Amino acid sequence: MAIQLQNISKSFGPVQALKDVNAVFEENRIYGLLGRNGAGKSTLLNILTNRIFPDKGAVLVDGENARENDRAQSKIFLMSEAVLHPEAMRVSGALGWAQSFYPGFDPDCAGRLLEDFCLSPKSKVSGLSTGYRSIFKLILALSVNVPYVLLDEPVLGLDANHRELFYKRLLEKYAESPFTVVLSTHLIEEVANLVEDVVIIKDGEVLRQESREALLAGGYTVSGGAGAVEAYLQGKKLLGMDSLGGLRTAYVLGVPEKEGEAAKDLEFGPMDLQKLFIQLTNS
């Protein structure tokens, strides 16, 4: 059981947003979908949910072609930046609307989340602030009870307290009844310990798809004086380097070699997901 993307390509005029993308989102996993602005993340999520169609390739949901397939699409919920509800609709009406479209919708869960986030069901959706509009959409996403939940920049406009509360409620929901979550976000540091698998997109292509542990285990950092670091790096696979005065921090692929003359006076550390992402997408 999984969502499979097979050779997906999509262009908008002269701009190729996605180029032969192959990826798999397996059941009951939390994925981080990472990429710089314009990398193709939102395009990919919109293709998954039939909001746009690829120029080439196919999306399979549990083995079925998802294109204009109501049964396949009923298994997916996408929270995106767009708000598609009528101008006059209130939060309570939007939740009722969701319940009619998603048979597994949990009104009790939605009610608890409304209280948690102090969102009045009488509020007009169109009148919500950016932060509370995100909260409203997150409440829908956590209440629909479908196998695949796609979250495109889910914490846009949320303050630190509300972001922490969302991550907590998401993990509680996942622990209670596992489902697949695809988190597309720029706040990599915040979700680094939340995601189990990582898909990195660069210029419309999948650069990496691995478990977080495997990705981070494939590299390390080495820090020290400029001369010592440069001597150590001879023959190593360098991803990138940060400089501060006479100090250097290098991001290296492979297993650290801490012994030998070149390793003296150097500090070794684990790879950080955000730093690794920056180095991979800059290189």
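Up top you'll find the structure we're talking about.
Every chain's residues receive numbers from 1 upward, in the order its sequence appears when written. The model is predicted, so local features are restricted to residues of pLDDT at least 70 and side-chain atom pairs to those at 80 or more, both for listing and for counting; the totals for chains, interfaces and linings are taken over all residues. To get the side-chain values, all heavy atoms of the structure are used, and hydrogens and water are removed first.

Novice: For this particular structure, what's the right way to read the environment of Leu273?
Specialist: By the element assignment, Leu273 lies in helix α10 (residues 273-282). For the pair formed by Leu273 and Ala217, sequence separation is 56 residues and the distance between their alpha carbons is 10 Å. Note on definitions: a residue-residue contact is assigned when non-hydrogen atoms from the two residues lie within 4.5 Å. What Leu273 contacts, discounting residues up to four positions off in sequence, is Ile188, Ala192, Val195, Val198, Leu215 and Leu216. Put simply, DSSP marks the helices as runs of H or I at least four residues long and the strands as runs of E at least two long, and each gets a number from the N terminus on.

Novice: In this structure, what is going on with the sheet that holds strand β2 (residues 15-26)? I would like to understand it.
Specialist: In a beta sheet, neighbouring strands are held together by backbone hydrogen bonds and run either parallel or antiparallel to one another. Strand pairing is assigned whenever DSSP detects at least two bridges linking the two strands. In space, the four strands of this open sheet follow the order β2-β1-β4-β5, with antiparallel pairing throughout. Among the strands making up the open sheet, the edge pair consists of β2 and β5 (64-65). Inspection of the sheet shows strand β1 (residues 2-12) paired to β2 by eight bridges, in the antiparallel sense. If you follow Lys10 over to β2, its bridge partner there is Leu18.

Novice: Which parts of the structure should I look at to understand the sheet that holds strand β9 (residues 197-202)?
Specialist: Here we have six strands laid out as an open sheet, ordered β6-β7-β8-β3-β9-β10, and mixed in their pairing. Each edge of the sheet is formed by a strand with only one pairing partner; in this case those strands are β6 (76-79) and β10 (205-211). Adjacent strand axes in the sheet meet at a mean angle of 15°, parallel and antiparallel pairs treated alike. Bridging between strand β3 (residues 30-35) and strand β8 (residues 180-184) involves four bridges; their strand directions are parallel. Of the residues in β8, the one forming a bridge with Leu33 is Ser184. Between N-to-C directions, angles span 0 to 180 degrees; the directions come from axes that are lines fitted to C-alpha atoms, helices contributing only their stretch in contact.

Novice: Even after reading the chapter, I still don't get unusual backbone geometry, so can you show me in this structure?
Specialist: Outside of glycine, negative phi angles account for most residues, and trans bonds account for most peptide bonds. One non-glycine residue, Asn28, lies in positive phi territory at about 60°. Note on placement: Asn28 falls in the loop between β2 and β3. Overall, the relative accessible area of 34% leaves Asn28 in the partly exposed class. A positive phi angle, close to 50°, is found at Asp203, a residue other than glycine. Locating Asp203 in the fold gives a position in the loop between β9 and β10. For each residue, the accessible area found with a 1.4 Å probe, counting protein chains only, is set against the maximum for its type, and the residue is called buried under 20%, exposed over 50%, and partly exposed in between.

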